[in-house]
Amino acid sequence: MRNVWRRLSTGRCALALAVMTCSVLAASEAIAQTTYQPTAENLKARQEFQDEKFGLFIHWGVYSVLGDGEWVFHNRKLTLDEYNRLPLFFDPEKFDAKAWVGLAKAAGMKYITITSRHHDGFAMFDSKVSDWNIVKRTPYGKDPLKMLADECHRQGIKLFFYYSQLDWHNPDYYPRGHTAVDRGPWNNGRPDRGDWNNYLDNYMDGQLQELLTNYGPIGGIWFDGMWDKPDADWHLAKTYALIHQLQPAALIIPNHHQPPKPGEDVQTFERDLPGQNTAGFNTNYVSDRLPLESCNTLNGSWGFNIGDSKYKSPAELEEMLVRAAGNNSNLLLNIGPQPNGEIQQEFATRLLAVGDWLSRYGDSIYGTRGGPVQPAEWGVTTQKGGKVYVHVFTWNAPLLALPPLGSHVKEAHVLLDGSAVEFTQNPNGVVLKIPPSKKDEVDRVVVLTLSSEN
Ligand code: FHN
């Protein structure tokens, strides 16, 4: 519970309200999760997911041709006829699945999550459900997700499919949601009628069935877009049961910005650490039962955006990853490849730098869970197998005081070179003598070895 409602005001009423609301949400999540019994394979996959800690998010679709992000259809208020021309220009002759997977691995990433279709509804895979797909509509004519899945299997890295439930193209996505009604209004030429049940039960579930049968074992489905129609009946029980029945180990990761619902396996947070709603649309509720994942962008955009050069530095990305781990969460870091299939150098060099950093600091990240100390401005802690990793970002004083850890500290050393770190421990906590920061050192990591006696 330590992450819940962290940002809430400390006034008495607010606190009482927070405690009450939190208990109600926790109780409803508990009920939700007890009516859904994950299989043993699923529980194992959740643990592996938590151990993996770092994934590559890829937003890639026909929108990349315009170099203006994945919302270009909506932002420019294009009509269906206009957007339908876009696939004709999508010919990613430089797409190289081996290079993409190799880059993710070199970055220290343990899984990849790629858009199988975004809000434009355009399937980036060979779908028989509709011809609004890459094989039928583009000069490329091939299925890059199949190549990617095969390569992921070859290189031993998990592949997840992002799937947008929101659809700006299909007439059966009706009644339309906020993005077409309030954030517009935008009628792109679809008729003012449609068969919502057909959209969910045949179109969407049909495509999900394809994704879960034609690509070998996959890590899971990353849903996005329910927030467009938060009050609609999304037939979730049916869709989630279909996924778990086809691949019991596949994790359902919904980006609906709400507390977890029955059948979901991971709670995700967009551009935020769990419980920190700085983006303005995440829930403050943080599950203490499900794995957590925080997604963010390497520059400021999800899909390829030729005008976005706000690349985060390797140091910022490393801190983002460590802060996620300290908050008991994974980091899913996004890039938007170019329409020709290449990943731009600005992304690649930064990813490789993070990979290099992880080759030295990875022990304090992979396989860990959030540590015993409340995350703070100065840093965070992670823990694994009787060890606590103290990650120090900004602390200029020589001594750092930690609250009681609940265990006796046997010894302390610097992760990088093994040199001993002086410390004292008493019932009030542990005081560490932090080594001075070396030049360009983002994160000073001190490893505390705990003994089982208190
Ligand atoms: O609208 C999308 C956006 O394009 C992007 O896919 C992100 C990724 O988390 N999710 C949505 C906004 O919540």
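Just above, that's the structure.
A brief look at the structure comes next.

Scoring rules and cut-offs
- Residues numbered from 1 in each chain as written.
- Predicted model: local features only at pLDDT ≥ 70, side-chain atom pairs only at ≥ 80, totals over all residues.
- Heavy atoms only, no water.
- Helix = DSSP H or I, 4+ residues; strand = E, 2+ residues; numbered from the N terminus.
- Rg over C-alpha atoms; globule rule 2.2 N^0.38 Å.
- Buried < 20%, exposed > 50% of the residue type's maximum accessible area, 1.4 Å probe, protein only.
- Areas by Shrake-Rupley, 256 points an atom, 1.4 Å probe, with all protein chains shown as cover.
- Near = heavy atom within 4 Å.
- Polar contact = N/O pair within 3.5 Å; in protein donor to acceptor, adjacent residues only side chain to side chain.
- Nonpolar A, V, L, I, M, F, W, Y, C, P; charged D, E, K, R; others polar.
- Pairing = 2+ DSSP bridges.
- Axes fitted to C-alpha atoms, helices over the stretch in contact; angles between N-to-C directions.
- Core = buried A, V, L, I, M, F, W, Y, C linked by side-chain atoms within 4.5 Å.
- Contact = heavy atoms within 4.5 Å.
- Parallel < 35°, antiparallel > 145°, perpendicular 65-115°, else oblique.
- Left-handed = near helix turned anticlockwise from the far one by under 90°.
- Salt bridge = Lys/Arg side-chain N within 4 Å of Asp/Glu carboxyl O.
- Phe/Tyr/Trp six-rings, centres within 6.5 Å; stacked < 30°, edge-to-face > 60°.
- Lys NZ or Arg CZ within 6 Å of the ring centre and 35° of its normal.
- Lys, Arg positive; Asp, Glu negative; His and termini not counted.

## Focus on the overall build of the protein
A count of helices and strands for the protein gives 12 helices and 16 strands. Whereas a compact globule of 454 residues would reach a radius of gyration of roughly 22 Å, the protein reaches 23 Å, a difference of no more than 12%. With the principal axes as the frame, the protein shows a C-alpha extent of 70 × 50 × 40 Å. When each of the 454 residues of the protein is scored for burial, the buried share is 56%. Accessible surface for the protein amounts to roughly 18500 Å². Of this, 54% is attributable to carbon and sulfur atoms.

## Description of the site of the ligand
Lining the immediate environment of the ligand, one finds 14 residues, of which H59, E70, H119, D224 and E270 sit closest. For the ligand, an oxygen atom lies 3.5 Å from a polar atom in the side chain of H257. Here the ligand has 320 Å² of accessible area as a free molecule, and 95% of this is covered by the chains. Across the shell around the ligand, the residue classes break down as 6 nonpolar, 5 polar and 3 charged.

## Some words on the sheet that holds strand β6 (residues 267-270)
The strand order across the open sheet formed by 8 strands is β5-β4-β3-β2-β1-β8-β7-β6, and the pairing between neighbours is parallel. Two strands in the sheet have a free side with no partner beyond their single neighbour: β5 (251-255) and β6. Neighbour to neighbour, the strand axes of the sheet diverge by 25° on average, direction disregarded. Across 4 bridges, β6 lies against strand β7 (residues 292-297) in parallel orientation. Considered in β7, the bridge of Q267 is made with L292.

## Notes on the nonpolar core
With 91 residues, the main nonpolar core has Y83, I112, F161, I221 and L351 as its most contacted residues. By residue number, the principal contributor to this core is helix α9 (residues 196-213), which donates 8 residues. The residues touching I112, leaving out its near neighbours within four places in the chain, are L56, I58, V101, A104, C152, I157, K158, L159 and F160. Of all hydrophobic cores here, the second largest spans 18 residues; its members include V392, A412, I434 and L448.

## Focus on the packing of helix α11 (residues 314-326) against helix α12 (residues 345-361)
Closest axis-to-axis distance for the α11/α12 pair is 9 Å, and the angle between their directions is 55°. One finds that α11 runs oblique with respect to α12. Viewed along their axes, α11 and α12 form a crossing whose handedness is right-handed. Contact residues: α11 offers P314, L317, E318, L321 and V322, while α12 offers R350, A353, V354, W357 and L358. A per-class count over the contact of α11 with α12 returns 8 nonpolar, no polar and 2 charged.

## Some points on the pattern of salt bridges
Overall, the coordinates contain 18 salt bridges when judged by the stated rule. Put simply, D131 and R137 hold a salt bridge, and the shortest N to O gap is 3.2 Å. The salt bridge partner of K146 is D150, with a shortest N-O separation of 3.1 Å. Pair noted here: K146 and D150 are both in helix α7 (residues 144-155), with a separation of 4 residues, about one helical turn.

## A short note on the packing of aromatic side chains
On inspection of all chains with the given rule, the structure shows 31 aromatic pairs. Considering the side-chain rings of Y199 and Y203, the 6.0 Å spacing of their centres and the 25° angle between planes classify their relative orientation as stacked. Remark: Y203 and Y199 occur in helix α9; sequence separation between them is 4 residues, near one turn of the helix. We classify Y199 as buried; its relative accessible area is 0%. Between K110 and the ring centre of Y366, over which it is positioned, the NZ or CZ distance is 4.5 Å. A cation sits over an aromatic face here: K229 above Y173, 5.0 Å from the ring centre.

## Thoughts on the side chain of R444
When you line up the elements, R444 lands in strand β16 (residues 444-451). An unpaired buried charge is present at R444: no salt bridge exists, and E441, the closest side chain of opposite charge, is 5.1 Å distant. Looking at R444, its side chain comes within polar contact range of the main-chain oxygen of W395, at 2.7 Å. For R444, the side chain forms a polar contact with the main-chain oxygen of P435, separated by 2.8 Å. Each residue touching R444, except ones within four places of it in the same chain, is listed here: V390, H391, V392, W395, I434, P435, P436 and S437.

## Looking at the packing of α9 against helix α10 (residues 236-246)
Contact geometry for α9 and α10: axes closest at 10 Å, N-to-C directions at 15°. In terms of orientation, α9 lies roughly parallel with respect to α10. The two elements α9 and α10 cross, and the hand of that crossing is right-handed. Contacts between α9 and α10 involve D201, M204, D205, L208, Q209, L212 and T213 from the former and K238, T239, L242, I243 and L246 from the latter.

## Comments concerning the pairing of strand β15 (residues 429-433)
Bridge count for strand β12 (residues 399-402) against β15 is 4 bridges, and the pairing is antiparallel. Across the sheet, the residue bridging to L400 is L432, located in β15. Pairing of strand β14 (residues 423-426) with β15, which is carried by 4 bridges, proceeds in the antiparallel orientation. Of the residues in β15, the one forming a bridge with F423 is L432.

## Notes on the sheet that holds β14
Strand pairing in a sheet is mediated by backbone hydrogen bonds. Such pairs are either parallel or antiparallel. Across the sheet, 3 strands lie side by side as β12-β15-β14; this open sheet has antiparallel pairing. Of all strands in the sheet, those with a lone pairing partner are β12 and β14, marking the two edges. If you compare each strand with its neighbour and ignore which way they point, the axes differ by 15° on average.

## Thoughts on the environment of S419
The residue S419 is located in the loop between β13 (408-414) and β14 in this model. Counting along the chain gives 16 residues from S419 to P435, while the straight-line C-alpha distance between them is 9.6 Å. Once you skip the residues sitting within four places of it in the chain, S419 turns out to touch A412, H413 and V414. Within the structure, S419 has its side chain in polar contact with the side chain of D417 (distance 2.8 Å).

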